[in-house]
Amino acid sequence: MDDADPGLLGPGSVAWRVLGHPMSLVGGMRALMIQALHPLAMAGVAQHSDYKSRSLDRLRQTAYYVTATAFGDTATAHAAAKRVRAVHRRVRGVDPVTGRPYSAADPDLQIWVHCTEWHSLLAAYRVFAGPLTEDEQDQYLAEGAVIGSLLGTPRESIPASRSEYREYFERVRPQLCVSEHARQAIEFVIHPPVVRETLHLQGPMRLFASAAVALVPRHLRAMAGIDRPWWQDQLAVNAARPWGTVLTLPGVRDLPRHLFGGDTHEIARRARHLYRANVSAPRQPDHATTA
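For the structure given in this document, a descriptive report is provided here. (Residues numbered from 1 in each chain as written. Predicted model: local features only at pLDDT ≥ 70, side-chain atom pairs only at ≥ 80, totals over all residues. Heavy atoms only, no water.)

1. Concerning the overall build of the chain
Okay, so step 1: Helix and strand counts for the chain come out as 16 helices and 2 strands.
Okay, so step 2: The buried share among the 291 residues of the chain stands at 46%.
Okay, so step 3: Of all intrachain contacts in the chain linking residues separated by at least 6 positions in sequence, the fraction that spans at least 24 positions is 74%.
Okay, so step 4: If you sum the accessible surface of the chain, you get close to 14800 Å²; carbon and sulfur atoms cover 56% of it. (Helix = DSSP H or I, 4+ residues; strand = E, 2+ residues; numbered from the N terminus. Buried < 20%, exposed > 50% of the residue type's maximum accessible area, 1.4 Å probe, protein only. Contact = heavy atoms within 4.5 Å. Areas by Shrake-Rupley, 256 points an atom, 1.4 Å probe, with all protein chains shown as cover.)

2. Quick look at empty space enclosed by the protein
Okay, so step 1: Considering all chains together, one arrives at 2 cavities of 30 Å³ or more under this definition.
Okay, so step 2: By volume, the largest cavity is sized at about 50 Å³.
Okay, so step 3: In terms of lining, the largest cavity is formed by Pro 39, Met 42, Ala 43, Ala 46, Gln 47, Asp 95, Pro 96, Val 97, Ser 179 and His 181.
Okay, so step 4: Tallied by class, residues from the lining of the largest cavity come to 6 nonpolar, 3 polar and 1 charged.
Okay, so step 5: In this structure, the second largest cavity occupies an estimated 30 Å³ of space.
Okay, so step 6: Lining the second largest cavity are Met 33, Ile 34, Leu 37, Ile 186, Val 216, Leu 220, Arg 221, Ala 224 and Ile 226.
Okay, so step 7: When contributions to the lining of the second largest cavity are tallied by element, the ones reaching two or more residues are helix 2 (24–35) and helix 11 (218–224).
Okay, so step 8: Considering each element in turn, the lining of the second largest cavity owes the most residues, 3 residues, to helix 11.
Okay, so step 9: Counted by class, the lining of the second largest cavity contains 8 nonpolar, no polar and 1 charged residues. (1 Å grid on protein atoms, 1.4 Å probe; cavity = no way out; pocket = protein on both sides within 12 Å on 5 of 7 lines; lining within 4 Å. Points joined across faces, edges and corners; volume = space filled by probe spheres on them. Nonpolar A, V, L, I, M, F, W, Y, C, P; charged D, E, K, R; others polar.)

3. Some details on the pattern of salt bridges
Okay, so step 1: For the structure shown, the criterion picks out 8 salt bridges.
Okay, so step 2: A salt bridge links Asp 138 to Arg 162; the shortest N-O distance between them is 3.3 Å. One end of the pair, Asp 138, is in helix 7 (residues 134–148); the other, Arg 162, is in helix 8 (residues 162–172), and 24 residues separate them in sequence.
Okay, so step 3: Notably, a salt bridge pairs Arg 221 with Asp 233, separated by 2.9 Å at the nearest N-O pair. Of this pair, Arg 221 sits in helix 11 while Asp 233 sits in helix 12 (residues 230–240); the two residues are 12 residues apart in sequence, bridging distant segments of the chain. Considered together, Arg 221 and Asp 233 belong to a single accessibility category, that of buried residues.
Okay, so step 4: Look at the salt bridges and you will find they share partners, linking Arg 218, Arg 221, Asp 227, Arg 228 and Asp 233 into a network. (Salt bridge = Lys/Arg side-chain N within 4 Å of Asp/Glu carboxyl O.)

4. With respect to the nonpolar core
Generally speaking, nonpolar side chains in soluble globular proteins are found buried as a group.
Okay, so step 1: Counting residues in hydrophobic clusters, the biggest one holds 79 residues, and the most contacted among them are Leu 19, Met 33 and Tyr 140.
Okay, so step 2: Residue contributions to this core peak at 11 residues, all from helix 6 (residues 107–128).
Okay, so step 3: Those residues within four positions of Met 33 in sequence are excluded, and the remaining contacts are Ile 186, Val 189, Ile 190, Ala 209, Ala 212, Val 213, Val 216 and Ile 226. (Core = buried A, V, L, I, M, F, W, Y, C linked by side-chain atoms within 4.5 Å.)

5. Description of the packing of aromatic side chains
Okay, so step 1: Counting across every chain of the model gives 7 aromatic pairs.
Okay, so step 2: Summarising the aromatic geometry, the rings of Trp 112 and Phe 169 are spaced 6.4 Å apart at their centres and angled 85° between planes, so their arrangement reads as edge-to-face. Here Trp 112 is found in helix 6, whereas its partner Phe 169 is found in helix 8, with 57 residues between them in sequence.
Okay, so step 3: When its relative accessible area of 2% is taken as the criterion, Trp 112 is described as buried.
Okay, so step 4: Taking 5.6 Å as the distance between ring centres and 55° as the angle between the ring planes, the aromatic pair formed by Tyr 168 and Phe 169 counts as tilted.
Okay, so step 5: Exposure remark for Tyr 168: the relative accessible area of 6% places this residue in the buried category.
Okay, so step 6: Take Phe 169: its relative accessible area is 25%, and that puts it in the partly exposed class.
Okay, so step 7: Here a set of aromatic residues connected by ring pairs shows up, and it is made of Trp 112, Tyr 165, Tyr 168 and Phe 169. (Phe/Tyr/Trp six-rings, centres within 6.5 Å; stacked < 30°, edge-to-face > 60°.)

6. Brief notes about the environment of Pro 39
Okay, so step 1: On the secondary structure map, Pro 39 appears in helix 3 (residues 39–48).
Okay, so step 2: Residues Pro 39 and Cys 177, spaced 138 residues apart in sequence, show a C-alpha to C-alpha distance of 6.5 Å.
Okay, so step 3: The contacts of Pro 39, once residues within four sequence positions are left out, are Asp 95, Thr 98, Gln 175, Leu 176 and Cys 177.

7. Considering helix 8
Okay, so step 1: For helix 8, the set of buried residues is Tyr 165, Tyr 168 and Val 172. For helix 8, the angular spread of buried residues about the axis comes to 65°, placing them on one side. Residues Arg 166, Glu 167, Glu 170 and Arg 171 are exposed on helix 8 and point more than 90 degrees away from its buried face.
Okay, so step 2: Tucked inside the fold, the buried residues of helix 8 contact helix 6 and helix 7. (Arc of directions from axis to C-beta.)

Nothing here speaks to function; it is geometry throughout.
This is the structure we're talking about:
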């Protein structure tokens, strides 16, 4: 890792704040549930993923990719994207729900996966960390287009602002549905399996999953059959909220090393170092406004 190379976004980006928040895991769970509602995306998961038997490995791979592309140096980011592109070339088939062919290399599917993930991480940040200005949200979404284009989708075709995201989600909405595989995937997120490696995390993981449900738009929850009263949402968010602090405490903050793996942890550690250096550095005057 090259500490002189801040990567594709850098410590001054909004994305480093959003993705670096300890409750971003809740956003990741939200994204998985929403992604399952796209029949072609879900077909790819159902036919090519072993997430049920190797859930921790799949979680580590996803966490590494997000961390490497957003926080890693430039070489690390491009190497991670190259590996995923190689995998995507093998993920293809026919969706049994719609009868349509699919490919993980399809730009339309890549945009769906990217937008649901990037938007979900923002949703979690706004709930658990606090508000961002409209300009900061637009900047964050524009930064996401840089990361989303690493898999080959042209950057100009990826939504890059709040208005573009609204238009995109409204355009895709008629394509969404709930298949049996989608129901199983959503249930898998809401009730994570008990495995030895994460036995000590079962409590918080279930809290995070319940909080993630609270962040899913209500019309999508109704479609998926996971809607519930508003007060249950509030209880779920309130129960998960203290973990945003707990996960930063000494002795607890290293849990991601065991959950996500050493490489991911080291990239995140480097990012924290660069971020602290960036926020503590004296600000230079804006010569465009002081001349």
